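Structural description and commentary
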Amino acid sequence: MKKRKVLISVSIALLLGCISCAGIIYYYLFSPQFYPKKITYIYIDRDDTADSIYNKVKEQGKPKNFKGFHWMARYRKYAQNIHTGRYAIHPKESIYQVFSRLYRNHQEPMNLTIGSVRTMDRLARSIGKQLMIDSAEIAKAINSPAFQQKSGYNKETIPCLFIPDTYQVYWNMSVEDFFERMQKEHRKFWNQERLKKATQMGMTPIEVCTLASIVEEETNNNQEKPMVAGLYINRLHLNMPLQADPTIKFALQDFGLRRIANVHLNIDSPYNTYRNTGLPPGPIRIPTPVGLDAVLNYAKHDYIYMCAKEDFSGTHNFASSYADHMKNARKYWKALNERNIFN
């Protein structure tokens with residue numbers, strides 16, 4: 001009888017011990033422990049250690065208790081299995097959920113924005129601010145003659161590779177993966193329909209891109225862009241200089257100029273479309289899909305002159321004759337003088 005009582009007592013004690021252990025394990029590993037106000041993200045880069053990651057998780061996740069995370073990290077030898085990337089922490093998640101995400105490299109994709117910038121240096125800086133990739137890595141690749149040649153471009157035309165948009169990517173993507181994605185998006189944009197339109201115009205995608213960059217520098221008004229594109233195409237057909245002021249700004253690398261003077265027109269540069277006929281060697285910015293399509297679907301008219309409107313609306317007065325153009329130009333010059341805008 002005594003043995004039976006002892007056995008029962010021991011069994012009860014073991015059962016209570018197991019329940020207690022299970023409760024402890026559940027509390028520290030599987031119960032809600034993270035309480036950020038909303039979904040938050042931690043970024044783990046190449047320089048992070050286990051300790052720095054612990055600090056990031058605690059700072060962003062606002063855990064009620066963090067012991068379970070250290071237990072899991074020691075048990076799984078996390079210090080030897082760190083994965084870079086962007087990881088989400090949701091409100092009311094458990095230690096097990098968050099740790100497993102980091103340990104198994106279950107990253108959260110992010111939005112990468114490729115902007116319509118004027119220079120490749122600005123593009124590299126923008127990408128470096130958004131991704132784990134250093135801007136110097138991007139710039140090195142963009143400026144590499146070997147990469148340019150492999151991609152079908154040169155230093156003047158490499159901006160044509162990029163199609164401004166917002167793309168879902170992983171924050172820790174490599175330089176190689178980044179450019180592979182850009183090439184994929186370029187091929188996707190330049191589908192058979194767009195390639196056919198360019199061919200019918202007698203232009204290559206690079207030439208369309210170059211002209212679109214000028215159009216977008218001339219006007220921010222999307223409805224006006226096909227009109228401006230049509231004007232420049234008329235000039236190309238007539239073998240007239242494009243005489244596009246934005247190309248002068250690009251040649252001077254002075255994008256703040258508001259008034260182009262005769263002294264500016266003397267710059268010796270292949271981008272000086274006052275002295276040279278045809279298109280410049282490459283785009284003067286990365287044109288947007290809207291700008292590219294404005295060229296591919298240009299408005300057919302007989303205008304060969306345009307001048308900014310005197311109301312500074314960002315749109316233009318168009319003319320078919322030089323006499324009418326000069327009337328428009330005098331109205332604009334008068335408005336500039338009234339506002340004391342001389343450069």
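Just so it is clear, the structure is predicted and the values come from calculations on it, not from any experiment. (Residues numbered from 1 in each chain as written. Predicted model: local features only at pLDDT ≥ 70, side-chain atom pairs only at ≥ 80, totals over all residues. Heavy atoms only, no water.)

Things to note about the overall build of the chain
Across its full length, the chain carries 14 helices and 6 strands. Taken over the C-alpha atoms alone, the chain extends approximately 120 × 45 × 35 Å along its principal axes. Expressed as a percentage of the 343 residues in the chain, the buried residues total 45%. Here the analysis covers contacts within the chain between residues at least 6 apart in sequence; of these, 66% occur between residues at least 24 apart. Of the roughly 19,000 Å² that the chain leaves accessible, carbon and sulfur atoms contribute 51%. Positive and negative side-chain charges in the chain, numbering 47 and 31 respectively, have mean positions lying 13 Å apart. (Helix = DSSP H or I, 4+ residues; strand = E, 2+ residues; numbered from the N terminus. Buried < 20%, exposed > 50% of the residue type's maximum accessible area, 1.4 Å probe, protein only. Contact = heavy atoms within 4.5 Å. Areas by Shrake-Rupley, 256 points an atom, 1.4 Å probe, with all protein chains shown as cover. Lys, Arg positive; Asp, Glu negative; His and termini not counted. Charge placed at Lys NZ, Arg CZ, Asp CG, Glu CD.)

Focus: the nonpolar core
Ile114, Leu123, Leu131, Phe162, Phe178, Phe179 and Tyr232 are the most contacted members of the largest nonpolar core, which has 58 residues in total. Ranked by residue count, the leading element in this core is helix H10 (residues 205-218), at 6 residues. If sequence neighbours within four positions are ignored, Phe162 has contacts with Ile114, Met120, Leu123, Ile142, Phe178, Phe179, Met182 and Ile286. Within the second largest apolar cluster, 19 residues are counted, among which are Leu29, Ile44, Tyr78 and Val98. (Core = buried A, V, L, I, M, F, W, Y, C linked by side-chain atoms within 4.5 Å.)

Quick word on the packing of H10 against helix H13 (residues 289-296)
Following both chains from N to C, one finds H10 and H13 inclined at 110°, their axes separated by 8 Å at the closest point. By the angle between their axes, H10 is roughly perpendicular relative to H13. Judged by the twist between their axes, the crossing of H10 over H13 is right-handed. Note on element contacts: H13 touches H10 through Gly291, Leu292, Val295 and Leu296, opposite Val208, Cys209, Leu211, Ala212, Val215 and Glu216. (Axes fitted to C-alpha atoms, helices over the stretch in contact; angles between N-to-C directions. Parallel < 35°, antiparallel > 145°, perpendicular 65-115°, else oblique. Left-handed = near helix turned anticlockwise from the far one by under 90°.)

A word on the side chain of Thr273
Its location among the elements puts Thr273 in the loop between helix H12 (245-252) and H13. Judged by its relative accessible area of 1%, Thr273 falls in the buried class. At 2.9 Å, the side chain of Thr273 and the backbone nitrogen of Ala244 are in polar contact. At 2.7 Å, the side chain of Thr273 and the side chain of Thr247 are in polar contact. If near-sequence neighbours (up to four positions away) are discounted, Thr273 is found in contact with Pro241, Leu242, Gln243, Ala244, Thr247, Ile248 and Pro280. (Polar contact = N/O pair within 3.5 Å; in protein donor to acceptor, adjacent residues only side chain to side chain.)

Details of the packing of aromatic side chains
Applying the stated criterion across every chain, the model contains 20 aromatic pairs. With 4.8 Å between their ring centres and 50° between their planes, Phe250 and Tyr271 make a pair best called tilted. Taken as a pair, Phe250 in helix H12 and Tyr271 in the loop between H12 and H13 lie far apart in primary sequence, 21 residues in all. With respect to burial, Phe250 and Tyr271 carry one shared label: buried. (Phe/Tyr/Trp six-rings, centres within 6.5 Å; stacked < 30°, edge-to-face > 60°.)

Notes on the UniProt feature "site: Important for catalytic activity" (unreviewed entry) in the chain
UniProt marks Glu218 with the feature "site: Important for catalytic activity" (unreviewed entry), using the numbering shown here. Relative to the elements of secondary structure, Glu218 occurs in helix H10. Judged by relative accessible area, which is 16%, Glu218 ranks as buried. Here Glu218 is in contact with Val228, Tyr232, Ala244, Asp245, Pro246, Met306, Gly314 and His316, once residues within four sequence places are set aside. (UniProt positions renumbered as here; feature names shortened; annotations may be inferred.)

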